[in-house]
Every structure is written in structure tokens, then in C-alpha cells.
Amino acid sequence: MITGIKGTRIRRAAAVAVTTGAVLATGALTAAPAQAVTTPTITAKSGFLMNSATGATLFKKSENTHRLTASTTKIMTAKVVLAQSNLNLDTKVTIKKAVSDYMVAKGYPSSAHLIVGDKVTVRQLLYGMMLPSGCDAAMALADKFGSGSTVSARTKNFIGKMNAKAQQLGMTNTHFDSFDGISNGSNYSSAKDLTLLARSTMKSSTFRSVVKTKKYTAKTITKTGSTRTMTPWENTNTLLGWNGTLGIKTGSGTEAKYCLVFAATVNGESVMGAVLTASSAANRTADVKKLINYGYARIS
């Protein structure tokens, strides 16, 4: 009878970095148990992280608390546009003086620098809204896809569509009163709700292509029919490309502070989430990096 196996080697691991998400257990390589991964601390007032593939929650901090969302609101604007039936992304939209008037009235917020009278495609407006966070592009889209006899009526109707879509997606802690995140007193969401929105919107190949783009140059048609080459639009999301980051949208404001809705994929492991009300852009970036690394570690 054999009572032992000579030369058996038993491997033991003392520790593994969180970024690898793996441990060498006695005798075998196994995935890290959830309790072996240290939960990060973030400075943002709210945060949420999910496994993009399964929807499982990986991290939460005041995830249902109402927060100002700033320009992350524009994710829903894009969602409503992309949900239109028989949408033609090459449809041309003429930029109205009302768009310029709006930008002046709001104190020149973030802009794609669209020019009154130019014809811009819906696709270009999506890039202009999501990369440089153009409030002018957001308004042009809201006016185009809202219903009504006036610009005011159409944009109001479009905001109504945004709220209807939020209800459909189960965003129970969300209300929009603007198409661009410039709050009129009642524009809010939560870290969890924005993550739900992101997961739904990232199913669109058009949206994925837009938000992962670092720079885009639009060629518009002027009043006289000539081609205008716009100054390149650069993405405000400086995390793009870092550790598999694919998007999605930054936001900032005096009251909203710094926000980011993000998605990242490495080696088939996908995470998605949001941080809201970070005190600085640097802290926002640090928070998101922590969450992405933590997410990879949890699901590897």
C-alpha cells in the first residue's frame, strides 16, 4: 500500500497584490475570495461599482443619495436621441440663434463652439456633446428630437422623454430638469442610477464609439454651402485608455463638484460605475482608479 507520495510539492502564497486579484491557495491557483481584497476608500461623497457583465454590485457608498450630476446628465440626452425610431445619424441639423442665445444666457458653459447657421449632423452633435461636453450640442439635439411648435416647447418635451426613460430603466432616485446638467433647481441622480443608465447606453455601438474617442474633427456645412473644418473636439475624460478605460462622461460644477461615470474592460473583465461630488478633479481621478482596480480584483 502506498502511504505517501514522495516529492509532492505544496505551494503556498503569503500575499497577492490587489491589482492581480489572484491568490495561490494551498496546492492550486484560485480566484481571490472577496474578503481577501481590501475595499477601497474614496473621497467622493457617492460611489458605485458593478460587474458590467452580470450587474452584480462590487462597491457602494451612499449610492442612492440624490446628487447634482452636472454634465453626466448628457448620457441620458444621448440615450434618448439614440432610442429614436428610424434614427439617421447623418441627418443635418441647422444651428439656430436660440442655441447661441442660450449659451449667452447661461454664462458661456462648456461648448462645442457651434456656429449659427451651420448644418451639423446628428452624429457630429453627439461627438460635440460627449467629448468637449458641449451644452450647445445638447440643446441642438433636444430641440431636434423634442416635440412642439417652439424651441422652448421642444426642449421641455425632450426633458420629459429623459425622465420617462429614467423611469423605464428603474432610475428611482433621478429627476432631470435640463438636457445638459445645468440645473434649474431639480436636476439630480444617484451613483447607482447613473451606473444603470451607463450600462444600458453602452449597449449602443454608436455611443461606445463616441465616448471612447479622444479627439474628433467635425466638418460642418456653412450657410453658403462651403465646408467648415471645426477646431478638434477633445474628450474631457483624461482617463481614456488607462487600464482599459472606455469612457464614459465627466461632469463638474460649482455645486456638483467633480463627477465621472466610467466603464473599463481588461482581459474580458468589465466594470462600470460612477463617482459623484468629488472635491477636485485629481481626487475624482484617484477614486475612479481605485474602483477600477478593485473591480478587476473582485471579478478575476
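Residues numbered from 1 in each chain as written. Predicted model: local features only at pLDDT ≥ 70, side-chain atom pairs only at ≥ 80, totals over all residues. Heavy atoms only, no water.

**Describing the pattern of salt bridges**
Counting across every chain of the model gives 6 salt bridges. Taking the shortest distance from any N to any O, the salt bridge between Arg154 and Asp143 comes out at 2.7 Å. Of this pair, Arg154 sits in helix α5 (residues 151–168) while Asp143 sits in helix α4 (residues 135–145), and the two are 11 residues apart along the sequence. Per residue, the accessibility class of Arg154 equals that of Asp143, and both read buried. Note that Lys215 and Glu234 form a salt bridge whose closest N and O atoms lie 3.7 Å from each other. Taken together, the residues Lys215 in strand β7 (residues 215–216) and Glu234 in strand β10 (residues 233–234) connect sequence positions 19 residues apart. (Salt bridge = Lys/Arg side-chain N within 4 Å of Asp/Glu carboxyl O. Helix = DSSP H or I, 4+ residues; strand = E, 2+ residues; numbered from the N terminus. Buried < 20%, exposed > 50% of the residue type's maximum accessible area, 1.4 Å probe, protein only.)

**Focus: the sheet that holds strand β4 (residues 57–61)**
Pairing is antiparallel across the open sheet formed by 5 strands, whose spatial order is β4-β3-β13-β12-β11. Only two strands of the sheet have a single partner each, and these edge strands are β4 and β11 (245–253). Neighbour to neighbour, the strand axes of the sheet diverge by 5° on average, direction disregarded. In this sheet, strand β13 (residues 269–278) lies alongside strand β3 (residues 46–51) in antiparallel orientation, the contact comprising 6 bridges. Within β13, the position partnered with Asn51 by the bridge is Val271. (Pairing = 2+ DSSP bridges. Axes fitted to C-alpha atoms, helices over the stretch in contact; angles between N-to-C directions.)

**Description of the pairing of β13**
Counted residue by residue, β13 has 9 buried out of 10 residues, so it is predominantly covered. Strand direction decides the pairing type here: strand β12 (residues 257–266) and β13, joined by 8 bridges, are antiparallel. Residue Phe262 lies in a different strand from β13, and its bridge partner there is Gly273. Counted between consecutive antiparallel strands, the loop separating β12 from β13 contains 2 residues, among which Asn267 sits at a positive phi close to 50°.

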